[in-house]
Every structure is written in C-alpha cells, then in structure tokens.
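Here is what each chain is made of, one letter per residue.
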Amino acid sequence: MLVLRTILLVLGLGWAAIASATHNRAGEIILCRIGNSNTYRITVITHTKLSAPADRPDLAINYGDSPIWDTIPRTLITDTPDQDLRRSEYVTEHTYVGPGVYVLSIDDQNRNGGVINIPNSIAQSFSVSTRFVISPVTGGNCSVRFLNSPIQDACLGQTWIHNPAAYDPDGDSLSYEPAVCLGLGGQPIQGYTFPGPNYSIDPLTGTITWNAPSLTGEYNIAFIVREWRRRADGTWVEVGYVTRDMQITVVPCNNQPPVISEVADTCVVAGTFLSFSVQASDPNLSQIVTLTALGQPFVLPSSPASFVSPNPANQVNGVFNWSTNCSHVRLQPYQVTFKAVDNGEPVNLQSYRTMNITVVAPAPENPMASPSGGSIQLNWDESICTNASGYSIYRRSGPYGYVPDHCETGVPAYTGYTFLASLDGVNSTSYLDSDGLVIGNQYCYMVVADLLGGAESYASEEFCAILDRQVPVITKVSVGVTDVSAGIDTVMWSNAYDLDTMARPGPYLFKLYRGEGFLTANELIWTSGTHPFLAHPDTLLVVNDLDTRSGANVYRVELLGADGADLIGSSSVASSVFISAVPGDESMTVQWALNTPWNNSSYEVYRWNGSDWVAIGTSTEGNYVDPGLINGEEYCYHVISTGAYSDPTILAPLLNWSQEVCGTPVDRTPPCSPTVDLVNDCETPLNTLTWNNPNNDCADDTYLYNIYFADSLDGDLILIATIIGAEDTIFTHTSGSSVAGCYAVTAVDTLGNESAFSNEVCGDNCPEYRLPNIFTPNGDQANDLFGPFPYRGVRTIDLQVFNRWGQVVFETQDPDIDWKGTYKETSEVLPDGVYYYTCTVIVARLNGEEPLQLNGYVHLMGSSGQGGFE
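Residues numbered from 1 in each chain as written. Predicted model: local features only at pLDDT ≥ 70, side-chain atom pairs only at ≥ 80, totals over all residues. Heavy atoms only, no water.

What about the overall build of the chain?
In terms of regular secondary structure, the chain is built from 1 helix and 60 strands. Scaling as 2.2 N^0.38, a compact globule of 870 residues should have a C-alpha radius of gyration of about 29 Å, whereas the chain reaches 42 Å, well beyond that. Burial status across the chain gives 51% buried among its 870 residues. Restricting to contacts in the chain with at least 6 residues of sequence separation, those with at least 24 account for 67%. Carbon and sulfur atoms provide 51% of the accessible area of the chain, an area that totals close to 38400 Å². Taking the average location of the 38 positive side-chain charges in the chain and that of its 93 negative ones, the two points are 10 Å from each other. (Helix = DSSP H or I, 4+ residues; strand = E, 2+ residues; numbered from the N terminus. Rg over C-alpha atoms; globule rule 2.2 N^0.38 Å. Buried < 20%, exposed > 50% of the residue type's maximum accessible area, 1.4 Å probe, protein only. Contact = heavy atoms within 4.5 Å. Areas by Shrake-Rupley, 256 points an atom, 1.4 Å probe, with all protein chains shown as cover. Lys, Arg positive; Asp, Glu negative; His and termini not counted. Charge placed at Lys NZ, Arg CZ, Asp CG, Glu CD.)

Next up, the structure:
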C-alpha cells in the first residue's frame, strides 16, 4: 500500500513513539535487478535492540522515483539474545519507468539511546540510503552485499579493526569512504562526530581501524561503498553506492587482538585448483584463535571456494581451496577477508587480513600463421572458456619473445605489438590479415580471448609468418650527391626468389619508377633488359640528374615476366632519408623523415669539420640536437640510417645516406617566463608588481620586460609598458584611480625573442565615492567647487543637479565634477539654496563594471537669489 508521507507525518509518528522506539542500531539497503527488466528486488536489513519494546513488522521506504513512500513487510527475523540483537529483513519489488539515477532511503524513529558520538541519540531518526543507476551504457545492477555483521565489540584502549567483507555480485570495482550518520529526512545528524582522531577506512580494502577507543559505551559509524564499472571505452563510471550504518560497543578489558600473517595477492588460471594456507596467532598465550574466511568466492553459485578452519588454538593454520572455472573469470579481483577472533573476555577481539584473487582465462592454444599470397592466414583453437565473447588480435614486425608475468593479461604496449582486429564469438578462430603487409618482413601475432566486463585472457604464444617473396624488395635508396639538378641516388633491390616460375615463366625484366616526396612513385625512369632466369642480375641503378636538395625521392620496382607481357607485381615504395637543420641558440637540431618498407633502428649523424665527415651522435628517434655551437657559423650535416627487414633471409643491415644540409645557429630561444607577484593596495590605490630575473635561472641575455594589462577578468591583455634592464623587476600601476585588473609579464632577450606570458595576477578595487552636502562658490578659494571627496575605483559618472522646479541646472560625466555653482556650462550664477542631485557612479571591479547609485541634496551658499529647494 502506497501512502503519501510528509516530514511532518514522519515527525508525528516518530515523536509519539519515542518512549518505546529506542531500538535502531544498524542497517543498510541492498537491491538487485530481476532479469533484463527495470524491476528490482529491494531488501532492507535492520539490526535493532531485542530488549526494546518497539518493533517494526513493516517499514517505510522511498524508492527515489517520487515523493510517495511505500511500506514493505518484514520477511525474516533472526534473534541473537546474548547480543540483545534482532536482525530483520524487509523485501519488496519495485519497477522503475526507465533510465535514471535513483536514491532509495528509509527513515525510521528512533535510534537507541546513549550512543556516545550522536547527540541525544534517543531522539534521532535512523536513516540509510542506497543509490543506483539505470542506464543503457552501464546496464543493470546488483548492489554491494556484506558478509560481516555490523554489530561489533571493541576493547577499551586497544586498536579496533573491522572489515565488512563487502562484495559486488556484478564484479564491479569497490571503493570505501567514511560518512556521517544520517537522521531525520536523510540529513546528516547535527553534532555527529567520528569515534576519534585515529579513525580511518582503507579506500581499497574497506578495513576500518580505530586506534584506539578511549571511552566505554556505544558508538555508531557509517561508511559508503561505491561501485565502479568500466565502460567499453576503458573509462570508469560510478553505478551506485550503498551506505551502511553500524554500531560498536566499547567495554573495558585487558586483551590484545590476534595477528594474521600477510597473504599475498595472486592470480589463478580458470580451470585450475588454487590452494594456500593462512596462519594466525594470539599474543596472549593463554587465549585461542578461531580463523575463518569471508568473501564472494565462498558464495558463488558455481564451484564456490572453501576454507578449512582449524580447531581453535593459540596458533592456527587454515587452508583456502578453490577449484576455479571459466564462470569465475572477470576483470576485477575477488577480495577474500580472513578473520581471526580470540576468546578474550568480556570482548572477543578480532583481526582481519584481506587479499585479492584474480581469475584469468587461459591463453588461446595452438595458434598458427601461414602466408597466403599477399596475406597471412591466422588460426587458433577455440577458448576452453565458452563464455568468451570473442578474440583480440595483435601484430608486430618481428618477434619480441614475450612471456607474460604472473597476472599480466592481454598484450602490454611495451612489447611493441599493436591492436589489429577483434572478432565476435567464441567460435571465431580464424582471421586473414591483409592489412598493410610488406613483403620482406616477418609478422608476428598474439591472440587474446575477450570476456564480458572487459576481462582478458593471458596472451597466446607468439606465432609468426613471412610473406613469400613473389615481388622485388627494395633494399637501398641512398643519396650520393646533394644538388638541386645534378643529384644522385643509388637504388638497389632483391629478386622475387619465392616466385613460382612454372606458373609465371620468363624472360623477366624490371621497371623502376620514381616520384617526389615519400608516398607515390609513378614516373617510369628505367627499364632493364630481359633475363631468362628469375635471378636477374640488374638489381642496382644509379639515378642521375636529380634534385636531392629540395626534397626526398621515392622509388618502386615492378617485375614483369613473359618477356614483359605479364606484370607479376610491384615492390613497396621506399624513399631516401631527407633531413633538415633547424637553428637554435648555440645549437642545431637535425630532423629527418623517410618512408621505407624495412624497419630503421638507428640514425648516425655526421658533421663536416672542414676536411672530413665526423660522426657526432646516434639517435633512435627522428631528430638529433647538436649543442655547444657558435651562433653565426655555418654547420653541415648528413645522416646514415641503419635498418633491416624482419625476414632473416634478406641481407642486413641496410645502410642509407641522406642528402647534405647546412644551417647557422641563431638565438631563437626566448628567456623563460618570469614568475610574478602582485601587491594589490586598493586604498592608496596602487598595484605593485614584482618578478624574478630569468638571467638568474634559465637565460643569460634577458634585456627588457613587457608589461601586459587587462582591466577585467574577461578583458584582453594589452601592452601597457616596457621596462629596459634585466635587473629592473618592479612596476607600479593604476588605471586612473582603479587598481582592478590582471597583469602578465614577458621577458625579451637581446635578439627580440619574447617569452611566453608569466602567470597572470589580478587585483581588485575597494571603490569609494562620496559627495559633500554644502559648497560656497564665493571666490575665497575655499569650497568654491562642488566635487567628491578623494575617491578611488571610479570609471565614470552620470550626474544631474535639479533646482526646486525640477529643472536640470548642471550635468557631467567627469568623476571630478568641479561644479562652480553656475547654470550648466555658462557663467550664470545660480541663487543660493538646496539642490537635489542624482548620480550614477560606474565603478571598476575585477569582474567588470558595476553601477553605484547616489541620490542626495547639496546646499549652495555664497550667491544671491532664489532657485534651490527652500
């Protein structure tokens, strides 16, 4: 039955029953989606004082989708008399209209009395909330569950440790954070305090530590467990949280908690058996320890884990056993919590130790790669995990020798493998790779099984193949002479030794094509003679009359059979190495670009010393910085690249020369940006800027500074001053009487190189503008003018002065006003009297201009006649 509940109704019912409703100790709300619908099964769990006469056969709940409250029935009672404890479960189902963020809440009067850290707890409502998200991106959700009781005991003066043993049925990642206990209307209880300064919760494991209780009595704490789910794009999104409110009873005792030895996180391959031992002991030799284990592996529907708890003793050794299967595979690890409890009196102290177990799908087995024309056929066995959603395939040129580390799933980027393709379905166990393959290279692959939720299997072993060499393979494009018209390149290639000569008979010949740049070679520049055999001797050509200075040249070779009538195929294009020299301050940066079908592993940089080329350094990147040079002198360079095909049958290394290039170092490096401080004196008013001299840190030729100013946060910085001299690092400024605005400073060196803007600093006005109520324009040089007292922060004004007939007798926009007591701008003297004025003052503020309205009267004395307000 749905009932409309207002806060007043809750208050009325609660306070009417306050004498008997002192019972709520702990609780939480959990839920789970039913099938693929928007219907959820909701369970409220409460822990109450068994001795309290108040009891709740049903409970009010708000589902978070309307202001209407519902009552749900109790379905289960579990009493523990020795703890004065009643555990109740209230279960219902509710259907939501569609996607959204929903917060469920209960609000029940009252908490039990005497809770130390909740003021007047007997009068406080008990409230907890749970949030969850319905979204097509995240899907449905089952909230966090807890396997450990929220009713706990602690020993006075001894560290209290607790772990709620939370798990998520969906395998979502969990995080933990402390929270304030909630009262009426789900609001934080005013005056609530955490148990002590050394109270904390581990955000990853959920272990709560209080070191240590200093006062006996009951305490309530609350914490939030958030659920995080990884989307398909790899980002994490929160899909809900559960708030648990729990109670700790502190009593005096002389005891120390037991100790559990550290248990390391581990991984296990699905389908294998995991077993390890856990040790615990108690520092009090006369006490015995009971060792148990909690966690989701023990409540799984398929092949759950077990823990062999030893007989209680001072030192115990338990055994964890788990026969895993593929249904256990998921991205997030399973957290297992080991709990040791001693038999101390009057409190059994507890210790906890958490560890993570990740269940990983086994690697796909028996992978094979076979060349098929210009493609490579890949095959592997179906994953033994039939719940795999498909496979991901990775490729690199040449083998890496990757062997996954323990718990290292997927294919890590450091191996040089890149993603090639993904296949849907566990039965999709073959793939034809035709994506940009180059003859002459060995291609290696690894396959990973993908599972729901983003989990990956271990990678398969590397498996490799080399395309048959059925076309020529270029092995050299090297610049011999650098010139705009008489340049020379040397081009070499290797024969198509794997060609089926029975199917593609000779005689054979080659055609060489050239192009400018790096990509396209379509200009036929040479045709060889024919040769009856595949091992054609003409595999080198010196190409003359080129422009090798302005850009790269690119080549490809065609092989033709049947005396030129059968085009067998073409090599991949290969370009020369083209370099450029970028001048810097006492340095040159040599950069290069190229496009080759082989892999280049290093580049040797040479510099001309006046008589010979001398190697000055090696780079594996696309550039090299030559430092320590003299500005204004010319330096010349060339580069030799070293590379190889990953096909071991092709001659290596492949050495290729770039063209020669020269350049002259110049100082194009600006000083580093200054760091600016601002003293904003709005009363004087005056802004004072100070900054550091870059010559003391990162430069030696700072010459001047440019000062930039914007009159508001949204304004553009404009140059307002230039200060010559690196040591002059102070600047004062006002904009009229305003000090509102922002500043930035740049440093400029002797060659005009300007740094980036410094940090931006801003100040604001404290505007002031006041007008007198009398002036005497009688020529005695005292109070002859009507104007403001000393003012600041004013941009402009709009003043109008009226006589007693409402006529405007004076007006101005000048903040100084300087009214002589005459009619407007004439010399006509106005009569003595009281005049009314309106004045709109526009003040300058950092956020922009603001109006200030002044209305008042001024008494004009010192002239004759009538005209003001009598």
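Focus on the sheet that holds strand β28 (residues 388-397)
With respect to topology, 4 strands assemble into an open sheet ordered β29-β28-β31-β32, the strand pairing being antiparallel. Edge strands, defined here as strands with exactly one partner in the open sheet, are β29 (418-424) and β32 (463-466). Each adjacent strand pair in this sheet contributes to an overall mean axis angle of 30 degrees, direction not counted. Both strand β31 (residues 442-451) and β32 contribute to a ladder of 4 bridges, which runs antiparallel. Residue pairing for β32: Tyr 445 is matched across the bridge by Phe 463. (Pairing = 2+ DSSP bridges. Axes fitted to C-alpha atoms, helices over the stretch in contact; angles between N-to-C directions.)

Some words on the state of the cysteines
Scanning the model with the defined rule gives 9 disulfides in all. A sulfur-sulfur separation of 1.6 Å characterises the disulfide bridge that pairs Cys 672 with Cys 698. In this structure, the disulfide formed by Cys 672 and Cys 698 twists by about -90 degrees around the S-S bond and is classed as left-handed. Here Cys 672 is found in the loop between β48 (661-663) and β49 (676-681), whereas its partner Cys 698 is found in the loop between β50 (686-691) and β51 (702-710), with 26 residues between them in sequence. A relative accessible area of 29% means that Cys 672 is categorised as partly exposed. Disulfide pairing is shown between Cys 682 and Cys 766; the S-S distance is 2.0 Å. As the torsion about the S-S bond is roughly 105 degrees, the Cys 682-Cys 766 disulfide counts as right-handed. Taken as a pair, Cys 682 in the loop between β49 and β50 and Cys 766 in the loop between β55 (761-763) and β56 (774-775) lie far apart in primary sequence, 84 residues in all. The exposure class assigned to Cys 682 is buried, which follows from its relative accessible area of 19%. The thiol of Cys 839 is unpaired, and the distance to the nearest cysteine sulfur, on Cys 766, comes to 19 Å. (Disulfide = S-S within 2.5 Å.)

Notes on the sheet that holds β51
Strand order in the open sheet formed by 4 strands is β52-β51-β54-β55, and the pairing between neighbours is antiparallel. Two strands lie at the open edges of the sheet, namely β52 (718-724) and β55, each paired on one side alone. Averaged over neighbouring strand pairs, the angle between their axes works out to 25 degrees when direction is ignored.

Things to note about the pairing of strand β4 (residues 58-62)
With 4 of 5 residues buried, β4 lies mostly within the body of the structure. Bridging between β4 and strand β5 (residues 69-80) involves 5 bridges; their strand directions are antiparallel. Pairing of Asp 58 across the sheet is with Pro 73, part of β5. Connecting the antiparallel pair β4 and β5 is a turn made up of 6 residues, with Gly 64 showing a positive phi of about 85 degrees. As paired elements, β4 and strand β7 (residues 100-108) share 2 bridges and run antiparallel to each other. Across the sheet, Ile 61 pairs through a bridge with Ile 106, a residue of β7.

Some points on unusual backbone geometry
What is expected of a backbone is that most residues other than glycine have negative phi and most peptide bonds are trans. Omega for the bond connecting Gln 109 with Asn 110 falls within 30 degrees of zero, at -5 degrees, which places this linkage in the cis form. Its location among the elements puts Asn 110 in the loop between β7 and β8 (126-134). Despite not being glycine, Asn 120 shows a phi value in the positive range, around 50 degrees. Mapping Asn 120 onto the fold places it in the loop between β7 and β8. Look at Glu 586: it is not a glycine, yet its phi comes out positive at around 60 degrees. Note that Glu 586 resides in the loop between β41 (578-584) and β42 (587-593).

A closer look at the environment of Val 133
Counting through the fold element by element, Val 133 comes out in strand β8. Given the relative accessible area of 14%, Val 133 is considered buried. Spatially, the C-alpha atoms of Val 133 and Val 239 are 5.2 Å apart, while their sequence positions differ by 106 residues. Every residue in contact with Val 133, bar those within four places of it in the chain, is listed here: Gly 100, Val 101, Thr 138, Gly 139, Glu 238 and Val 239.

Here we look at the side chain of Asn 765
Turning to its location among the elements, Asn 765 is positioned in the loop between β55 and β56. For Asn 765, the side chain forms a polar contact with the main-chain nitrogen of Val 739, separated by 2.6 Å. One polar contact links the side chain of Asn 765 to the main-chain amide nitrogen of Ala 740, over a distance of 3.4 Å. Sequence-distant contacts of Asn 765, that is, excluding residues within four places in its chain, are made with Cys 682, Ser 737, Ser 738, Val 739, Ala 740, Gly 793, Ala 844 and Arg 845. (Polar contact = N/O pair within 3.5 Å; in protein donor to acceptor, adjacent residues only side chain to side chain.)

Details of the nonpolar core
If you look at the biggest cluster of nonpolar residues, it comprises 76 residues, and the most contacted ones within it are Phe 276, Phe 320, Phe 338, Ile 357, Ile 376 and Tyr 445. Here this core takes 5 residues from β31, the largest share from any one element. Residues Ala 179, Tyr 219, Ile 224 and Met 246 belong to the second largest nonpolar core, which totals 28 residues. (Core = buried A, V, L, I, M, F, W, Y, C linked by side-chain atoms within 4.5 Å.)

Considering the packing of aromatic side chains
By the definition in use, this model includes 37 aromatic pairs. Centroid distance Trp 493 to Phe 510: 5.6 Å. Interplanar angle 75 degrees. Geometry classified as edge-to-face. Linking Trp 493 in strand β34 (residues 487-494) with Phe 510 in strand β35 (residues 509-516), this pair joins segments that are 17 residues apart in sequence. For Trp 493, a relative accessible area of 4% puts it in the buried group. (Phe/Tyr/Trp six-rings, centres within 6.5 Å; stacked < 30°, edge-to-face > 60°.)

What about the environment of His 23?
Structurally, the position occupied by His 23 is in the loop between α1 (7-16) and β2 (24-33). Judged by its relative accessible area of 1%, His 23 falls in the buried class.

Concerning the side chain of Gln 332
Tracing the chain through its elements places Gln 332 in the loop between β23 (315-323) and β24 (334-342). Within the structure, Gln 332 has its side chain in polar contact with the side chain of Ser 173 (distance 3.5 Å). Look past the residues within four positions of Gln 332 in its chain and what remains in contact with it is Gly 171, Asp 172, Ser 173 and Trp 236.

Section: the pattern of salt bridges
Applying the stated criterion across every chain, the model contains 23 salt bridges. Taking the shortest distance from any N to any O, the salt bridge between Glu 218 and Lys 49 comes out at 2.9 Å. Of this pair, Glu 218 sits in strand β16 (residues 217-230) while Lys 49 sits in strand β3 (residues 39-49), and the two are 169 residues apart along the sequence. With respect to class, Glu 218 is no different from Lys 49; both count as buried. One salt-bridge network, held together by shared partners, links Asp 55, Arg 74, Asp 79 and Arg 86. (Salt bridge = Lys/Arg side-chain N within 4 Å of Asp/Glu carboxyl O.)

Brief notes about the confidence of the model for the chain
Averaged over all residues, the pLDDT of the chain is 92; the fraction at 70 or higher stands at 97%. Within the model, pLDDT remains below 50 along residues 1-21, and this stretch shows 32 contacts once partners closer than five positions in the same chain are excluded. For the stretch residues 865-870, pLDDT sits under 50, and the model shows 26 contacts to residues farther than four places along the chain or on other chains. (pLDDT = per-residue confidence, 0-100.)

Brief notes about a negative patch on the surface
Taken together, the side chains of Glu 365, Asp 381, Glu 382 and Glu 461 define an acidic patch exposed on the protein surface. On the secondary structure map, Glu 365 appears in the loop between β25 (350-360) and β26 (368-372). (Patch = residues over 30% accessible without salt bridge, like charges linked within 9 Å, V, L, I, M, F, W, Y side chains within 5 Å.)

Let's talk about the pairing of strand β38 (residues 553-561)
With 9 of its 9 residues buried, β38 lies for the most part within the structure. Taking every second residue as pointing to the same face, both faces of β38 are buried, with Asn 553, Tyr 555, Val 557, Leu 559 and Gly 561 on one and Val 554, Arg 556, Glu 558 and Leu 560 on the other. Of the pairings in the sheet, the one linking β38 to strand β40 (residues 574-575) comprises 2 bridges and is antiparallel in character. Considered in β40, the bridge of Val 554 is made with Ser 575. Where β38 lies against strand β39 (residues 566-570), 4 bridges are found, and the strand directions are antiparallel.

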